[in-house]
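Each chain, written out:
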2 protein chains.
Amino acid sequence: MKKIFLFPFIISIIIAQTNFIQYVKPLTGTQRMGHTFPGATVPFGMVQLSPDTDTLLYEKDGKYQKEVYQYCAGYQYEDKTIVGFSHTHFSGTGHSDLGDFLIMPTTGPLQLNPGTADHPESGYRSSYSHSNEIAEPAYYKVKLDDNNITVELTATARVGFHQYTFPSADTAHIILDLMHGIYTSNEKNVWTFVRLENDTLVTGFRQTNGWARTRTVYFAMTFNRPIASYGHARYDQSVYRGFWRKFDVTKNFPEMAGKNIRACFNFAVNSNEKIKIKFALSSVSTEGATKNLITEIPDWDFERVKHESQALWNKELGTVEIESITQKDKETFYTSLYHAFLSPNIYMDVDGQYKGLDQNIHRAEGFTNYTTFSLWDTYRALHPLFNILQPKRNGDMIRSMLAHYDQSVHHMLPVWSHYSNENWCMIGYHSVSVIADAYIKGNLSYDAAKALNAMVTTANQRYYDGLEYYIPMGYIPEDKNSSSVSKTLEYAYDDWAIAQMAKKLGNEKVFAEFSNRSENFKNVFDPSIGFMRPKMSDGTFRKNFSTLETDGQGFIEGNSWNYTLYVPHNVPALIQLIGGNRRFSQYLDSLFTMHLPDEFFANNEDITREGIIGNYVHGNEPSHHVAYLYNWLGESWKTQERVRMIMDSKYSNTPDGLSGNDDCGQMSAWYIFSALGFYPVAPGSEQYSIGSPLVKSATIKLENGKTISIEAKNQSAKNVYVQKILLNGKEWKENYFIHSNIMNGANIVFEMGAKAKKK
Amino acid sequence: MKKIFLFPFIISIIIAQTNFIQYVKPLTGTQRMGHTFPGATVPFGMVQLSPDTDTLLYEKDGKYQKEVYQYCAGYQYEDKTIVGFSHTHFSGTGHSDLGDFLIMPTTGPLQLNPGTADHPESGYRSSYSHSNEIAEPAYYKVKLDDNNITVELTATARVGFHQYTFPSADTAHIILDLMHGIYTSNEKNVWTFVRLENDTLVTGFRQTNGWARTRTVYFAMTFNRPIASYGHARYDQSVYRGFWRKFDVTKNFPEMAGKNIRACFNFAVNSNEKIKIKFALSSVSTEGATKNLITEIPDWDFERVKHESQALWNKELGTVEIESITQKDKETFYTSLYHAFLSPNIYMDVDGQYKGLDQNIHRAEGFTNYTTFSLWDTYRALHPLFNILQPKRNGDMIRSMLAHYDQSVHHMLPVWSHYSNENWCMIGYHSVSVIADAYIKGNLSYDAAKALNAMVTTANQRYYDGLEYYIPMGYIPEDKNSSSVSKTLEYAYDDWAIAQMAKKLGNEKVFAEFSNRSENFKNVFDPSIGFMRPKMSDGTFRKNFSTLETDGQGFIEGNSWNYTLYVPHNVPALIQLIGGNRRFSQYLDSLFTMHLPDEFFANNEDITREGIIGNYVHGNEPSHHVAYLYNWLGESWKTQERVRMIMDSKYSNTPDGLSGNDDCGQMSAWYIFSALGFYPVAPGSEQYSIGSPLVKSATIKLENGKTISIEAKNQSAKNVYVQKILLNGKEWKENYFIHSNIMNGANIVFEMGAKAKKK
């Protein structure tokens, strides 16, 4: 009898241990400005199959309204209708694109227009309710109320899998809307093309001019039953009427092409019958998409695919096993880990082919090619996090970035790149930070000298964004190039990262040159006001200047108060500039406690009240290192209370749980690091600045088979202050860890307490 | 001394024998409606580098004017200005497309607009004079008067070679106009993309929606000296301004993209210096174009390339060596041969890769892939001519057509296809005629049973152009599908061709089915009026009907008088329908002698007064076999005088020397056959109907090493009547030759006389 009871008990323990996906809440960040999506994807998957609630722009007074910003990921939690399910989504970006190949199941009279949110009955969209919605890693389920259709979605790396259950017998329509997309303009489509290869297989492509200027995505789509009839409508004119004269191309004509097309495939269905669709993507060709389709999902077993894709997530999430103070913390942690593992995205076919930046077809030899590099965000904490949790993938991401360099007509590493395009978004050349950080940490699977050459060449491309001034003058004159201070500061940090790599490589010349450049932050500091301030060509500081205003003051997405602190690579020098420890401490205290009136960021969509503490902006990236700067003042206890406050107030496990754009995982990566008790203030250094862990315990299973175990003794919501640290059983007196010290396995014990330990 | 003189004498004989290109006048057909181009190309080349004199449409009263029709090949002899030199041109088509990648050299202040013909100084175009123009096979030279620049052009299969001589020292501009194109709309561009790979190499592509719906052409362009500076203007809006914010993309920015772009590359030049450009095309990628560039022209030796490309022409033209009555005849003959050997065009990279109809990349294994199949025209005489003069190429063209079939989502052989697209122009499924003709004549290098299957599948695609009626009813009802009589007649002929192939293959079932279908011409003959006439669904003939009117009468590009004779595969049955030999003879006589008032073809751009003899339309294709029909009546002398009259009056060696569109060589092929003394009335049969040779003698060098020699004894302009024929020394009493009888070598002697020989 004992044995009989014991056995299920053991199994339930195993299940409990390994079921991490239960803690992930994909809806987190779908409200307000998180810009995450709730749909189905595998870790770093090429397909993100997710509901779009509204992305169509409306024009008013001849101008597009700004509403599209909140739809960067296609879904807003407060919307009452779903337009359909499209296959590509950014996670957390502040600029929009993608939303390719929207599918929507309907019944009854055919409606090829999406209709409006206020009147969903006017189109194919449907009302839905969150009470009928389930979002899990690699699985999304919702009931479409208007037609009572149950939608289930899962995905593999390159294939989205739809399962639609039609409760009542009727004619079912599957809409394929090729006009649908996510962007600031409805004029995004350049061309679309569809072929009905046979009665279950449809292929085609979509070419767009959006954030990515010259972008083509190919697809192959297959149904689990023969198409009974089909057709399409075209919403633009073509000049040559040869097709139209000869055929009724709108009905059962197996080739469709045009700028703006909506197609429909019709099926007879009985009650509770399912229509299943597998939808594969490729950057190469419809042939590539078809190969991906057949290879990744050879059958129609939705449950098996769901199970296997969720198992992939469980494995990735299980890399870090934590115990937390609250269930909310645990869910926030695993949801952050989930968001951190969504991108960069696999960007090649199963045979390794992909479209390169030069629009030619390349083959990734010996690595997985990735795209979606939101580098201004992700160099800070996401790629450093990968150097611990995903070193192999990070190595492949860097190889993808170096392939980008090889294909770049500008001879530059990516700035912000996606889908075979450089969109040039934001500033800096932070690829160099990602590469240097990986190299310093021993994770660069590429010829380091060649990589350094790419970094140096990038940093010397003089027509890029003010470098023609920065290189000879040591700063960018604001009268020559806007956001000049932000650019000067970020270049200086990037240059330091290049220098660190050169140093380790023994390249003295590059080390000297870029060490010198890394000092350039000093050139935009105005000692008369104690702030970074835009300087003019003639060497004078700009006269009209506000340290609080975000726009038009020589900065971008952050005011001088925040950006003045952006010298992550040389905090001691920054402290000196500001006026010593006491002044610097006061500066930081003021930043977190002063009131920043709305007027100073009202026009900046990346800075919102929700993301702010005082004048400290956590909802956007430039200050992500700031709470850790107290460590340089011997005031680690302030770092500890600040980071716990930020984790507590700016993150949650609910739809409104993100206080700003997740930015392809950077916001989440900040949380993961901080929850584990440390943070990479200056990627390119081996140091992790110590904060205050949120977890009670954590076990990090490293790729090399070793383990980092973290324990926070006496952990509680109030005990935010670190009293003592033991590293491998010995007291650790520094306020930083060293990467190479912990990556061969480490046992870290934090002793927590309710009182600040002021040494 | 004797020897010294003899040697040059022998050489001069050899040169005289082998210099056929001197007889080719590429300007022939560039005036009026020939729609030929004068520029440089090799036989069947992918590149046709030729001057465009004007192709821009102008709008008037909100409508595009029809003017573009005369610019199907980009050049009109009477124009006074040249806009530039573009790389792709149809030869002789009646619909427009291509005109890709216009290059124009200029000096002085930069003008990026082409300007107008009336005011060439308003743009980059230039005045020119025919007195400064030389057009030869594979060589074109002209002086641009406005800037005094001498232009020389030559080409290899995939690369255009420009040589510009700048007489005065100045800054030289090379304009690359990506907005320029040939089409009925200026809105043809879908997307264009340009990269400055280095200071001499530029790559890119152009995607268009013209006659070909989804078409992309890639290029690689290299200069013989470094580009000093460059820039571009964009004539449409893009939404994402990321590039514009960061860079001045219009100047020295190495990546250009947009719908409508004109680029410019600037060079310092000294007096009489040359700028040379090699410009390669690919349907695959810029990588493919670059490979084509490097492989085909590795150096900068313009004279060598010109020499070698002209040698290719000389070899092809030398396949038929003729002596003629007049120099005009000789030039007309070799110009016709030149025009016949311009298309279909090679359509693959040097490595065999090409873009297929499915828009995927394919590799031609064991054959050369061709495109530009103007089949409604060319099945009549051009492909039959290839079965004598170019059997290997014709075999490869058929393999290209069968590859098209394999890639066709419609499971159809080409109707009118070019550049990876089916444009569906005109009627019928005449691929089947081309294949059957080659098979019957032993030139099919493809599995015949598989080919027959493709032919049958094509002919049974019921949604194609009235086949849903034709197959069950035996005719197309005019109330269901327009041009119903032309379609019924041409399908019936095509079906006969299928039956012939099935017969030789021993496929009784297909033979019976398609033999039966081949009788369908009888179903649209109205015995009450003695003409083919549109029939309605209810089996009655259409009431309102004109036998003279071309449009709206159940026919297309030909009236009932002409189309009634379209039963090439069963002339005896047609004679019976018309009412016997005497009635048929009268019918033919009337056709050639009656007057057809302008009003009956005024709206049809393919029928012009220049191409007409009586009511017989030679300038368009449907009646090309008609003059030979007298042979079936025992009135061969009438065939003989008619064909000599047509050759004499409808063809010449001057710019206005073509009496209608050359239609990718069909008009020329008619001339070549007729000049040699015979014509393939029903391709798919081995019979060549005998006419009256125009040559005094001809030697045809066959690919199999054999020779057909033709001699017209007592030949003169007046001696148009054949008195007697000797075949291999024996009198030949038939009025036809048999293909297999002459293809192992033959000696044909026509004895000519001034009096008709009426047997």
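Each chain carries its own residue numbering, running from 1 in the written order of its sequence. Here every chain gets a letter starting at A, and every ligand a number starting at 1, in the order they are written. In view of the model being predicted, local features appear only for residues whose pLDDT reaches at least 70, and side-chain atom pairs are presented and counted only at 80 or more, with totals across whole chains, interfaces and linings using the full set of residues. Hydrogens and water molecules were not included; the side-chain quantities draw on all heavy atoms of the structure.

Student: Just to check I follow, could you spell out the interface of chain B and chain A for this structure?
Tutor: Where interface size is quoted, it is often the accessible area lost as the parts come together. Here, two residues are considered to be in contact whenever any of their heavy atoms come within 4.5 Å of each other. With 54 residues of chain B at the interface, the matching set in chain A holds 54 residues. Summed over both sides, the interface between chain B and chain A buries roughly 4,500 Å², with carbon and sulfur atoms accounting for 56% of that surface. Between Lys or Arg on one side and Asp or Glu on the other, a salt bridge is scored when a side-chain nitrogen of the former is within 4 Å of a carboxyl oxygen of the latter. Inspection of the region where chain B meets chain A yields two salt bridges. With its nearest N and O atoms 3.7 Å apart, the salt bridge here joins Lys246(A) to Asp465(B). The definition of a polar contact used here is a pair of N or O atoms within 3.5 Å, where within protein one atom must be able to donate a hydrogen and the other to accept one, and adjacent residues in sequence count solely through side-chain atom pairs. Taken together, the connections running from chain B to chain A amount to 17 residue pairs in polar contact (both at pLDDT 80 or more). Each helix is a run of DSSP H or I of at least 4 residues and each strand a run of E of at least 2, with the numbering of both proceeding from the N terminus. Contributing elements (two or more residues each) for the side of chain B that touches chain A: β13 (189–196), β14 (201–208), α2 (242–246), β17 (255–258) and α3 (286–296) of chain B. Among the elements that line the side of chain B that touches chain A, the one with the most residues is β13(B), at five residues. Looking at the side of chain B that touches chain A residue by residue, the class counts come to 26 nonpolar, 18 polar and ten charged. As used here, buried area is the combined drop in accessible area, with a 1.4 Å probe, of two parts when they are placed together. Amino acid classes used here: Ala, Val, Leu, Ile, Met, Phe, Trp, Tyr, Cys and Pro are nonpolar; Asp, Glu, Lys and Arg are charged; the rest, including Gly, are polar.

Student: Hey, could you run me through the relation of the copies chain B and chain A in this one?
Tutor: Note: a rotation about an axis with an accompanying shift along it relates these two copies of the chain. When chain B is fitted to chain A, the best match, at an RMSD of 0.1 Å, comes from turning it 180 degrees and sliding it 0.0 Å along the axis. Accordingly, the operation relating the two chain copies is best matched by a two-fold axis. Among all residues of chain B, the minimum C-alpha distance to the rotation axis is found for Val190(B), at 3.2 Å. The copies were overlaid by least squares, fitting only the C-alpha atoms of residues that reach a pLDDT of 70 or more in each copy.

Student: How should the sheet that holds strand β32 (residues 678–679) of chain A be read in this particular structure?
Tutor: What links the strands of a sheet is backbone hydrogen bonding, and the strands pair in either a parallel or an antiparallel sense. Residue and element names in this part refer to chain A. In space, the three strands of this open sheet follow the order β32-β33-β38, with antiparallel pairing throughout. Edge positions in the open sheet fall to β32 and β38 (736–738), since each of these has one partner strand only. Here β32 runs beside strand β33 (residues 687–690); their pairing, made up of two bridges, is antiparallel. Note that in β33 the partner of Tyr679 across the bridge is Ser689. Note on pairing: two strands pair once DSSP finds at least 2 bridges between them.

Student: Is there a simple way to explain the packing of aromatic side chains in this structure?
Tutor: Aromatic rings considered in pairs are described by the distance between their centres and by the relative angle of their planes. All names here are of chain B. Geometry of aromatic contacts follows a simple scheme: Phe, Tyr and Trp rings, the Trp one being its six-membered ring, pair when their centres are within 6.5 Å, and the pair is stacked under 30 degrees between planes, edge-to-face over 60, tilted otherwise. Taken as a whole and assessed by the stated rule, the structure comprises 112 aromatic pairs over all chains. Consider the rings of Phe101 and Phe279, whose centres lie 5.4 Å apart with planes at 40 degrees: the pair is tilted. With a gap of 178 residues between them, Phe101 in the loop between β5 (84–86) and β6 (102–107) and Phe279 in strand β19 (residues 273–282) connect regions that are remote in the sequence. Throughout this description, buried means an accessible area under 20% of the type-specific maximum (1.4 Å probe, protein chains only), exposed means over 50%, and partly exposed covers the range between. According to the relative accessible area criterion, Phe101 is buried, its value standing at 0%. Exposure remark for Phe279: the relative accessible area of 0% places this residue in the buried category.

Student: It is not clear to me how the sheet that holds strand β26 (residues 416–418) of chain A should be interpreted in this structure. Could you clarify?
Tutor: All names here are of chain A. Across the sheet, which stays open at both edges, the three strands sit in the order β25-β26-β27 with antiparallel pairing between neighbours. The open sheet has two edge strands, β25 (373–374) and β27 (421–422), and neither has a second partner. Pairing of β26 with β27 involves two bridges; the strand directions are antiparallel. Its bridge partner lying in β27, Ser417 is registered against Glu422.

Student: Would you take a moment to explain helix α5 (residues 327–340) of chain B for this structure?
Tutor: Residues spaced three or four apart along an α-helix point in a common direction, a consequence of the helix completing one turn every 3.6 residues. All names here are of chain B. In a helix, the anticipated span is given by 1.5 Å times the number of residues less one. For α5, spanning 14 residues, the distance from its first C-alpha to its last is 20 Å, which sits close to the expected 20 Å at 1.5 Å a residue. The buried fraction of α5 amounts to twelve of the 14 residues, a majority that puts the element mostly inside the structure. Among the residues of α5, those classed as buried are Asp329, Lys330, Glu331, Thr332, Phe333, Tyr334, Thr335, Ser336, Leu337, Tyr338, His339 and Ala340. Residues of α5 that are buried sit in contact with α4 (302–317), β20 (320–324), α7 (382–389) and α18 (666–676).

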